[in-house]
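Coordinate inspection notes
If you want the building blocks of each chain, they are given just below.
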Amino acid sequence: MQPTVYLVDDDNHLRKAMTQTLELAGLAVTPFASAAEALKTLDANFDGVVVSDIRMPGIDGLAFFRRIEAFDADLPVILVTGHGDIPMAVQALQDGVYDFIPKPFAADRLVQSVHRALEKRRLVMENRALKRAAETAGDNLPLIGQTPVMERLRQTIRHIADTDVDVLVAGETGSGKEVVATLLHNWSRRRNGNFVALNCGALPETVIESELFGHEQGAFTGALKKRIGRIEHASGGTLFLDEIEAMPPATQVKMLRVLEAREITPLGTNQVRPVDIRVIAAAKIDLGDPAQRGDFREDLYFRLNVVTLSIPPLRERRDDIPLLFSHFLTRAAERFKRDAPVVTSAVQRHLMTHAWPGNVRELSHFAERVALGVEGPLGQPIAPAEQSGFALPERLERYEAEILKEVLRAQRGDVKATIEALGIPRKTFYDKLQRHGINRADYAERAAPEKAGR
Ligand SMILES: Nc1ncnc2c1ncn2[C@@H]1O[C@H](COP(=O)(O)OP(=O)(O)OP(=O)(O)O)[C@@H](O)[C@H]1O
Ligand SMILES: [Mg+2]
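Residues numbered from 1 in each chain as written. Chains lettered and ligands numbered in written order. Predicted model: local features only at pLDDT ≥ 70, side-chain atom pairs only at ≥ 80, totals over all residues. Heavy atoms only, no water.

Points about the pairing of strand β1 (residues 4-8)
- Extensive coverage of β1 is indicated by the burial of five of its five residues.
- Burial of β1 is two-sided: the residues Thr4, Tyr6 and Val8 facing one way and the residues Val5 and Leu7 facing the other way are all buried.
- As judged from the five bridges shared by β1 and strand β2 (residues 28-32), these two strands associate in the parallel manner. When the sheet's bridge partners are listed, Thr4 is paired in β2 with Ala28.
- This β-α-β element, β1 to helix α1 (residues 12-24) to β2, shows right-handed connectivity.
- Taken together, the four bridges between β1 and strand β3 (residues 49-53) define a ladder with parallel strand orientation. The residue of β3 that forms the bridge with Val8 is Ser52. (Buried < 20%, exposed > 50% of the residue type's maximum accessible area, 1.4 Å probe, protein only. Helix = DSSP H or I, 4+ residues; strand = E, 2+ residues; numbered from the N terminus. Pairing = 2+ DSSP bridges. Right-handed = clockwise from strand over helix to strand, strands pointing away.)

Put into structure tokens, the structure is as follows:
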């Protein structure tokens, strides 16, 4: 199917004339009399481009552009501007509008701009498809496990990924909740949209609502700039609410409303904005159990519990341990550019007897230490240098780097907390990061780029 030009103009004559111009040039056009109408069917999967008038009642051209930019900053928008609007249009160009065409204009000018925009869009869509193919082909985020319970889990994910049903993922720490959430996103038609993760436990109560819902400039002290909330940012994609059990009670009420009405009201506005999101929530506790649930609202639990995917702890699927371990060991050896070491009987024993309270994450860290030859406390002496391939200073260096990374990971990239946990001066900390080539930002709480937050 040919990519479409969405043409938005409230003026019937102009709309008809422009439609004709574009159709004569062999382009497929869908005309709309208002931006609101066009927005109903636009999402990040749209492979065409948008041409819109600036001055329109309701959502004007610039607001229209911002709405589009919020779910796909790479969707070209061409604005058609009247006489007095040139300064505004120039500003819009700087903000990312693809092109603007001052009225009156020659048919050619419009057609050429649309052709270039379509070509740009085609490249963006192709790149995204390639990236996706590489991700599914490579073992970027596989959900490893051959126990019946894991086979079933994969099957269920495949089955429900492409439905829009909200999902609750339950499992202990490190059991793979985020892996499951990411697969649900990647295997759905929302994969071109954003996967926006928000850790409800990591944000102070005062921040979480403005993060989620966004705010207007001046909505509260300190709201210097308008900000698009994470929910809106996830529109067209997936919103991942991690540690949902830690969501403050007041926010729970608002979240319930979002889940039911699929719309948000940014702080400091009374605008209601529709959002097209799929919500995946993750919990470490059994929210179905009133004793564990505490002040988590039962109605929100019921609303989230349409589908619950439970990931059993590693100790309840021990048969997956060897497979996971060998995967992590190979990966670590590749990363550290070493041959994968022979797995000693002490390591084997540890694999089969340890309880793995940190689940898959703990297992993967263990594999890294084994690959580095720094795993000692197994009732076994540390492997000698000729076996591990490292002399002592090198081992210490690598061990230090591992500790730095582990603490950064645990503190989610928070510099202050990491320095405190390590007990070293700030300068030493930064020197060490530089020496080991560690980028703190890689460990910061993951969020989608805040590009749309302007
Ligand atoms: N089945 C699996 N196959 C391969 N890797 C896995 C699997 N399960 C988990 N992992 C890996 O283990 C680590 C922890 O997984 P993840 O972050 O998804 O856990 P989590 O349940 O979200 O943990 P937390 O509750 O602490 O946030 C990640 O590095 C992930 O890639
Ligand atoms: Mg997680």
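From this point, the narrative continues.
Overview of helix α6 (residues 148-161)
- Taking 1.5 Å of rise per residue, the 14 residues of α6 would be expected to cover 20 Å, and the 20 Å separating its terminal C-alpha atoms lies within 8% of that figure.
- Buried within α6 are the following residues: Met150, Leu153, Ile157, Ile160 and Ala161. Looking down the long axis of α6, one finds its buried residues gathered within 105° of arc, a one-sided arrangement. Residues of α6 that are exposed and point over 90 degrees away from its buried face: Pro148, Arg152, Gln155, Arg158 and His159. (Expected span 1.5 Å × (residues − 1). Arc of directions from axis to C-beta.)

Overview of the packing of aromatic side chains
- Tallied over the full model, the rule gives seven aromatic pairs.
- Between Phe195 and Phe240, the ring centres sit 5.8 Å apart and the planes meet at 25°, which makes this aromatic pair stacked. Within this pair, whereas Phe195 is found in strand β7 (residues 195-199), its partner Phe240 is found in strand β10 (residues 238-242), the two being separated by 45 residues in sequence. Pair check on accessibility: Phe195 and Phe240 agree, each one buried.
- An aromatic cluster is built from Tyr6, Phe32 and Phe46, whose rings are joined through pairwise contacts. (Phe/Tyr/Trp six-rings, centres within 6.5 Å; stacked < 30°, edge-to-face > 60°.)

Describing the site of ligand 1
- Inspection of the region around ligand 1 gives 17 residues, with Ile144, Thr173, Gly174, Lys177 and Arg361 positioned closest.
- Between an oxygen atom of ligand 1 and a main-chain N or O atom of Gly174, the distance comes to 2.9 Å.
- Alone, ligand 1 offers 630 Å² of accessible surface; in the complex the protein occludes 86% of this.
- Broken down by secondary-structure element, the contributors of at least two residues to the shell around ligand 1 are α7 (177-186), α13 (321-335) and α15 (359-372).
- Classifying every residue of the shell around ligand 1 gives eight nonpolar, four polar and five charged.
- Residues lining the shell around ligand 1 come from more than one domain, with at least three contributed by each of domain 2 (144-312) and domain 3 (315-443). (Near = heavy atom within 4 Å. Polar contact = N/O pair within 3.5 Å; in protein donor to acceptor, adjacent residues only side chain to side chain. Areas by Shrake-Rupley, 256 points an atom, 1.4 Å probe, with all protein chains shown as cover. Nonpolar A, V, L, I, M, F, W, Y, C, P; charged D, E, K, R; others polar. Domains from an automatic or database assignment.)

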